[in-house]
Amino acid sequence: MSQGISFNIYVMSYRRAYKIMTKDLVDYCTYVVREEEADAYRNAGVNNLLVIPTGATTSTGCRIFNWVTTFFWIIENTPEDVICVLDDDIKNFFYRTDRLVNISKDVPNPKDIVTSEIERIAQLLVDLNLGFACDNPSMALYSYTSEFEFKCTPAGIRWINKGAFKAVCRPEDDAASDVDIVMQELLRNRIILNPRYFCGENLMYNNKGGSDEINMEANNQYILAMKNKWGKYFNFDHKRNIVKINVKR
């Protein structure tokens, strides 16, 4: 990172002390966990913890109860200028161009390489004075169209440049989500940074924390809230079960 710019990697984790994965793929990181679960993570061998106190809220009054409120709490309660927030179920990092290369398994010094790439993209956010970057859920080779794109649906790696980050979390906003963060950044910063060449592979869990417990009714309510908030710029493909961000540049 540039001289004078502080940076750290955080791993957002909930109810997964039984399966510690992401921290073994990077040179350094801090796990963010609920107060009632802190001892379980310490017993699992996680030494660097940022603990969310019971009853904590964001600066806008959102109580910490789900992914998006935890995300904003991390941004507000970490000292660094730029941070990267990783999912706790990333099992591999990949280079993706005309072929897939598993950095975590097939490249020498994989933790150093992954950490260097994460730091590189954080530096690009600073250089471009942008607020947000993320990888994309799709690892398909046909999804690689260029080294970087200006929009995407977020996956398990997210970078935040606090000095330029514009998105906010409101208690009354039923559309609050990672996609809503992208939409807010597209509205206020015009673009986000989406590295197509570098991505993480998440291990999918069933009914074990994270966002896996969201039911169909809640998902439909969220889609409706996003449509009401963003109109023609948001759509959801029910056949393919994917979000559509209809913003042109």
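Residues numbered from 1 in each chain as written. Predicted model: local features only at pLDDT ≥ 70, side-chain atom pairs only at ≥ 80, totals over all residues. Heavy atoms only, no water.

Section: helix α5 (residues 178-188)
Among the 11 residues that make up α5, 8 are buried, leaving the element largely enclosed by the rest of the structure. Here α5 has its buried residues at Val 179, Asp 180, Ile 181, Val 182, Met 183, Gln 184, Glu 185 and Leu 186. Elements that come into contact with the buried residues of α5 comprise α2 (67-76), β7 (132-134), α6 (216-230), β12 (234-237) and β13 (242-245). After α5 finishes, the residue Arg 190 shows a positive phi value of roughly 75 degrees. (Buried < 20%, exposed > 50% of the residue type's maximum accessible area, 1.4 Å probe, protein only. Helix = DSSP H or I, 4+ residues; strand = E, 2+ residues; numbered from the N terminus. Contact = heavy atoms within 4.5 Å.)

Thoughts on the side chain of Arg 196
Within the element layout of this structure, Arg 196 appears in the loop between β10 (194-195) and β11 (198-202). In this view, Arg 196 contacts Arg 96, Asn 136, Ser 143, Tyr 144, Ser 146, Glu 147, Phe 148, Glu 149 and Lys 151; residues no more than four positions away in its chain are not counted.

Concerning the sheet that holds strand β9 (residues 157-161)
Taken together, 6 strands build an open sheet; the order of strands is β3-β2-β1-β4-β9-β7 and the sheet is mixed. Every other strand in the sheet has two partners, leaving β3 (49-52) and β7 as the edge strands with one partner each. The average angle at which neighbouring strand axes cross in this sheet is 25 degrees, direction not considered. As judged from the 3 bridges shared by strand β1 (residues 7-12) and strand β2 (residues 30-34), these two strands associate in the parallel manner. Note that in β2 the partner of Met 12 across the bridge is Val 32. (Pairing = 2+ DSSP bridges. Axes fitted to C-alpha atoms, helices over the stretch in contact; angles between N-to-C directions.)

A word on the nonpolar core
Within the largest apolar cluster, 41 residues are counted, with the highest numbers of intra-cluster contacts made by Phe 71, Phe 132, Phe 165 and Phe 234. Broken down by element, the residue count for this core peaks at 6 residues, all from α2. Once residues lying within four places of it in the same chain are set aside, the contact partners of Phe 234 are Val 179, Met 183, Tyr 222, Ile 223, Met 226, Lys 227, Val 243, Lys 244 and Asn 246. (Core = buried A, V, L, I, M, F, W, Y, C linked by side-chain atoms within 4.5 Å.)

Here we look at the environment of Thr 153
Positionally, Thr 153 belongs in the loop between β8 (148-149) and β9. Separated by 89 residues in the primary sequence, Thr 153 and Ile 242 place their C-alpha atoms 8.7 Å from one another. In contact with Thr 153, not counting residues within four places along its chain, are Asp 135, Asn 136, Pro 137, Val 179, Val 243 and Ile 245.

Some words on the pairing of β1
Along β1, 6 of the 6 residues are buried, which leaves the element largely enclosed by surrounding structure. Because side chains alternate across β1, one face comprises the buried residues Phe 7, Ile 9 and Val 11, and the other comprises Asn 8, Tyr 10 and Met 12, equally buried.

So, the sheet that holds strand β6 (residues 100-102)
Two strands in a sheet stick together by hydrogen bonds in their backbones, pointing the same way (parallel) or opposite ways (antiparallel). Pairing within the open sheet is antiparallel, and its 3 strands lie in the order β6-β5-β11. Of all the strands in the sheet, the pair left with one neighbour each is β6 and β11. Sheet twist, expressed as the mean angle between neighbouring strand axes with direction ignored, is 35 degrees. As defined by bridge partners, strand β5 (residues 90-96) adjoins β11 across 5 bridges and the pair is classed as antiparallel. When the bridges of β11 are listed, Phe 94 appears paired with Cys 199. Against the sheet, helix α4 (residues 110-128) touches β5 and β11, its axis set at about 120 degrees to β11.

Notes on the environment of Asp 174
Examined against the element boundaries, Asp 174 turns out to sit in the loop between β9 and α5. Separated by 101 residues in the primary sequence, Asp 174 and Trp 73 place their C-alpha atoms 17 Å from one another.

Section: the pattern of salt bridges
In total, this model carries 10 salt bridges according to the counting rule given. Here Glu 117 makes a salt bridge to Arg 120, at a shortest N to O gap of 3.9 Å. On the criterion of helical spacing, the pair formed by Glu 117 and Arg 120 is a turn pair, its members being 3 residues apart in helix α4. For Glu 117, a relative accessible area of 12% puts it in the buried group. A residue is classified by how much of its surface remains accessible, and Arg 120, at 36% relative accessible area, is partly exposed. (Salt bridge = Lys/Arg side-chain N within 4 Å of Asp/Glu carboxyl O.)

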